[in-house]
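Below, each chain spelled out in residue letters.
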Amino acid sequence: MSLPASQVAIQNYLLVAALLFCMGMLGVLVRRNALVVFMSIELMLNAANLTFLAFARDRLDLTGHLAALFVIAVAAAEAAIGLAIVIAVFRNRGTVNVEDIRTMKY
Amino acid sequence: MDTSWLTKAWADPRALSASLWLIIALPALGALVCGVLGKALGRTYVNLLACATVLGSFVLSVFVFQAVAADSSVFALSPASGTAIRFALAGDWGTWFSAGGFTAHFGLLVDHLSATMLMVVTGVGFLIHLYSTGYMEHDEGYWRFFAYLNLFMAMMLTLVLADNLVLLFVGWEGVGLCSYLLVGYYYTDEAKAWAGRKAFVANRVGDFAFLMAMMLIVLTVTAYAQSPANSTPVTAWQQRKAIWTRAVSDPGPLNFQVLEEFARVLPPSAVTANKNLLEANIPSGPLAGYTYGGTLTVIFFLLLLGATGKSAQLPLYVWLPDAMAGPTPVSALIHAATMVTAGVYLLCRMSPLLVLCPAAMATVAVVGAVTALFAALIAFAQDDMKKILAYSTISQLGYMFLGVGVGIFWAAILHLVTHACFKGCLFLSAGSVMHGNADELDIKRLGGLRKEMPWTTACFGIATLTITGIVPLSGFFSKDDILDGALHARIAGAPWVGPWVYAIGMVGAVATAFYMSRLYLLAFTGERSKQAKVPHAHESGWVMVAPLVILAALSVILVTHGIPGVIQRPGGPPVTVMEEFLKPVFDLPAGVAREAESLHEVPASSTPVTVLLYVFGWLVALVGGAAALVLYKRVFPARAGRPVPALLAGIRSFTVNKFYVDELYDAFIYRPIKWLAIGLFRVVDEFIIDTLAVRGTAWVTARIGSILRYLQTGDAQAYAAVMAVGLLVGVGYALFQVLAR
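Cut-offs and rules
- Residues numbered from 1 in each chain as written.
- Chains lettered and ligands numbered in written order.
- Predicted model: local features only at pLDDT ≥ 70, side-chain atom pairs only at ≥ 80, totals over all residues.
- Helix = DSSP H or I, 4+ residues; strand = E, 2+ residues; numbered from the N terminus.
- Buried ≥ 20, exposed ≤ 12 C-beta atoms within 10 Å, placed from the backbone.
- Contact = placed C-beta atoms within 7 Å.
- Nonpolar A, V, L, I, M, F, W, Y, C, P; charged D, E, K, R; others polar.
- Domains from an automatic or database assignment.
- Pairing = 2+ DSSP bridges.
- pLDDT = per-residue confidence, 0-100.
- Expected span 1.5 Å × (residues − 1).
- Core = buried A, V, L, I, M, F, W, Y, C linked by C-beta atoms within 7 Å.
- Axes fitted to C-alpha atoms, helices over the stretch in contact; angles between N-to-C directions.
- Parallel < 35°, antiparallel > 145°, perpendicular 65-115°, else oblique.
- Left-handed = near helix turned anticlockwise from the far one by under 90°.

1. Digging into the overall build of chain A
Working step 1: Secondary structure assignment for chain A yields 3 helices and 0 strands.
Working step 2: Starting at the N terminus and walking to the C terminus, you meet the elements of chain A as α-α-α.
Working step 3: In terms of overall dimensions, chain A has C-alpha extents of about 55 × 25 × 25 Å along its principal axes.
Working step 4: When the 106 residues of chain A are sorted by exposure, 12% land in the buried category.
Working step 5: Restricting the contact set of chain A to residue pairs at least 6 apart, pairs at least 24 apart contribute 45%.

2. Points about the overall build of chain B
Working step 1: Looking only at helices and strands, chain B features 28 helices and 6 strands.
Working step 2: Its C-alpha atoms put chain B at 115 × 75 × 55 Å along the principal axes.
Working step 3: Counting only residues that meet the buried cut, chain B has 50% of its 741 residues in that class.
Working step 4: Across chain B, every contact between residues at least 6 apart in sequence was considered, and the portion connecting residues at least 24 apart equals 78%.

3. A short note on the environment of F169(B)
Residue and element names in this part refer to chain B.
Working step 1: Examined against the element boundaries, F169 turns out to sit in helix α6 (residues 165–183).
Working step 2: Measuring from C-alpha to C-alpha, the distance between F169 and M214 comes to 9.4 Å, with 45 residues separating the pair along the chain.
Working step 3: The residues contacting F169, other than those within four sequence positions of it, are F210 and M214.

4. Re the interface of chain A and chain B
Working step 1: At the interface, 9 residues of chain A touch 11 residues of chain B.
Working step 2: The residue makeup of the side of chain A that touches chain B, split by class, is 6 nonpolar, 1 polar and 2 charged.

5. Looking at the domain arrangement of chain B
Working step 1: Assigned domains within chain B: domain 1 (162–216 + 296–610) and domain 2 (663–740).
Working step 2: Inter-centroid distance (C-alpha atoms) of domain 1 of chain B to domain 2 of chain B is 61 Å.

6. Let's talk about unusual backbone geometry
Working step 1: At the junction of L314(B) and P315(B), the peptide bond is cis and its omega measures out at 0° in the coordinates.
Working step 2: Here P315(B) shows up in the loop between α10 (292–310) and α11 (319–322).
Working step 3: Here L60(A), not a glycine, exhibits a phi torsion of approximately 55°, which is positive.
Working step 4: Inspection of the secondary structure assignment puts L60(A) in the loop between α2 (34–59) and α3 (63–93).
Working step 5: Non-glycine residue Y660(B) carries a positive phi angle of around 55°.

7. Here we look at the pairing of strand β3 (residues 89–99) of chain B
For a regular strand, side-chain orientation follows a simple rule: the groups alternate between the two sheet faces.
Working step 1: Note: β3(B) against strand β4 (residues 102–110) of chain B, 8 bridges, orientation antiparallel. The partner of A99(B) across the bridge, within β4(B), is F102(B).

8. A few points about the confidence of the model for chain B
Residue and element names in this part refer to chain B.
Working step 1: Per-residue pLDDT for chain B has a mean of 87; in total, 97% of the residues score no lower than 70.
Working step 2: Per-element confidence in chain B ranges from a low mean pLDDT of 76 for strand β2 (residues 84–85) to a high of 94 for helix α13 (residues 342–349).
Working step 3: In the model output, the complex is listed with pTM 0.82 alongside ipTM 0.84.

9. Notes on the environment of A18(A)
Residue and element names in this part refer to chain A.
Working step 1: The topology assignment puts A18 in helix α1 (residues 10–30).
Working step 2: Looking at A18, the number of C-beta atoms within 10 Å reads 14, which means it is partly exposed.
Working step 3: Between the C-alpha atoms of A18 and L50, which are 32 residues apart in sequence, the distance is 9.4 Å.

10. Observations regarding helix α24 (residues 583–596) of chain B
Residue and element names in this part refer to chain B.
Working step 1: In this model, α24 (14 residues) spans 19 Å end to end at C-alpha, consistent with the 20 Å of a helix rising 1.5 Å per residue.
Working step 2: Along α24, the residues classified as buried are V585, F586, P589, V592, A593, E595 and A596.
Working step 3: Buried residues along α24 sit against α4 (112–135), α9 (256–265), α14 (351–354), α17 (409–436) and β6 (599–601).

11. Examining the nonpolar core
When a protein is soluble and globular, its nonpolar side chains tend to lie buried together.
Working step 1: Counting residues in each nonpolar core, the largest one holds 241 residues, and the members touching the most others are V68(B), L89(B) and A412(B).
Working step 2: Counting 5 residues, the second largest nonpolar core, distinct from the first, contains V28(A), A34(A), V37(A) and F38(A).

12. With respect to the environment of W172(B)
Residue and element names in this part refer to chain B.
Working step 1: By the element assignment, W172 lies in helix α6.
Working step 2: C-alpha separation for the pair W172 and D207, spaced 35 residues apart in sequence, amounts to 8.3 Å.
Working step 3: In contact with W172, other than residues within four places in its own chain, are L159, D207, F210, K310 and A342.

13. Observations concerning the packing of helix α19 (residues 454–468) of chain B against helix α21 (residues 497–524) of chain B
Residues and elements named next belong to chain B.
Working step 1: It is at 9 Å that the axes of α19 and α21 come closest, and there the two elements cross at 165°. In terms of their interaxial angle, α19 and α21 are classed as roughly antiparallel. The handedness of the crossing between α19 and α21 comes out as left-handed. On α21, the residues touching T457, F460, G461, T464, I467 and T468 of α19 are T512, A513, M516, S517, Y520 and F524.
Working step 2: Residue classes in the contact of α19 with α21 are distributed as 6 nonpolar, 6 polar and no charged.

Shown next as structure tokens:
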């Protein structure tokens, strides 16, 4: 099925999504502040959402929308719990620096 | 006098056939109730219940016996030939189990042979149950005892009534189990518990052989059933084979009727157009290439080994003397009258096939004869009353095997019946002696019981005379019928067997007379020993004396069945009552043996010679008894206090130690197996399984874990980095795959 010329090609969406994902991943790997790490995770999730939607649009299939809605719901829940944990850790240790929180080791 | 009531069945034969299962179910129910509720019911009710269930079986058995024995219009249809089985009652309760092409039915059959056994088992069984109520009156485990005893009855009756080998095997194993439970009844005494185990293990050796024999029979019979029909067009025969082949697949290849029909076709005869199948090769199946005759011989060697285990013959007899550790009624019921005769019954049941294997018959006869003499010699020097009786049982069972081996099945069964009566009586008398003498069994510490226990002494005396073979008693005729038959039997290929086993049997008879007279003289006559546990013995109560009297009376009355030449057969030599009675069963093996030419009978030269032979048998018994009388009443008392010659002392100690057979088995079988087992335990169990496999796995896992745990740095970002790298590698690989295409 060929696309109308006015529409943006799917590759562009996918490229943006991949870029967002890489930025998010970089943030998760290098940033020290737990809150920023969280925001980076949100970025990655949204990159995934964008991919879902791009494919859904490309294939005229609503399943992709459904998946994106799921991801949003999961992201919301994850953010709620994650933030609660971060607050609890901050109250306990006075820091949200992930390098300082390494008690779960051998 | 109107005697029609004697020759008509007392009850409707169809109703009797349909209720055969009750004979087994009643004692089984008794066992269940006594075992589960016995302690709560109390002694009186347990005694009542145990005796009543067996009495019920006995009454039913009497009706069944009467119908089978007296009413010639009673018959059952054979599934294997579609024709009537000689006067028999049969009940079939459908398929018990079937696996692949093999089927076994829950079917019961009473013909003259099993009817005879039925009377012995339930009759003697009931008397011994009655006796036990007196014997066990001071025992706390009475409910356990009666539960086992009733279970034994149920199992023994299953063995006797079964119409196929599989069901017979259930009874066979069941009586073995009950024997174990009852020998080890006083399980707090380690030696007695050990005796139970020994009995069980020795029996298992035989049972294994029995099982192998059954499997070989199944293979042989099914191979023949699948073989193409006889090429010569004998239409009647082909029809018969078609019926038989159906029977092999439906009531199953181990059904006795199927086996009997099989025995009919093996030797060359009119039905098989004179083809000798015994030498033919088995056409198909795992046994392809072997001959039918050879396979049958192997089968019967295995069955013989099975029978020697259960019936305590050489080489597996060692468990029976130790089995005397059980309560005395158990010794009487299981280890004298019923269970140990199961081997004889089995071989008689299989007699149509047995007569096709002269080699197996000769072996049975020799094993029987040698055991008869061997056990009698060991009994010479035993001082324990029950041990003497145990060796005597082994010896008498040897005579039965001898009879089976030379093809005089009826005499073996007659001896089985008379033996059940007189040996039951002897054992029960021994129990009565124990009961009245604070469990004393050493005959040197008894003595003089004649005045204190008159009834027991009288019964023991009669039974002693019976087993010794004094003329007007049953034991004389049942034993001499066997020996006389042996003298006149010639087994094909081994004609020496008959006369030789006769000679060995005669020596055994002298020995029997000697040790039994010794036992009687030392325990019952003379002065009371100064080493006796209690100064005065007391006679037992009526529940114990009545069975003794009945059994003693029976061992006299049964003489009617053994006197030769009482019944004149039309066109044949005169025969005994028992031979005529069992004719419907043992006609078939006799006919098969004639066709296979495996067994010849040298006709007795004349009546005076036969009479002389029997007189000789009687004199032999008298000599043995007289020798004991002279030795123990004159020679030994006169020599008391003087030193014994070294040679005699040596012989005595050799005999006292039972010819060191137990030590021999201990050194050559028990110890090697024990060391092998210990070796296997140390190497396979302890080292390979425990150390290497089980603990080794745990150890390796723990070591690897303790190394790998250093990867857990606790740094979440490091984990994420690893994941990212993994993802990158995955993506890279995917890209590579796509681009490289």
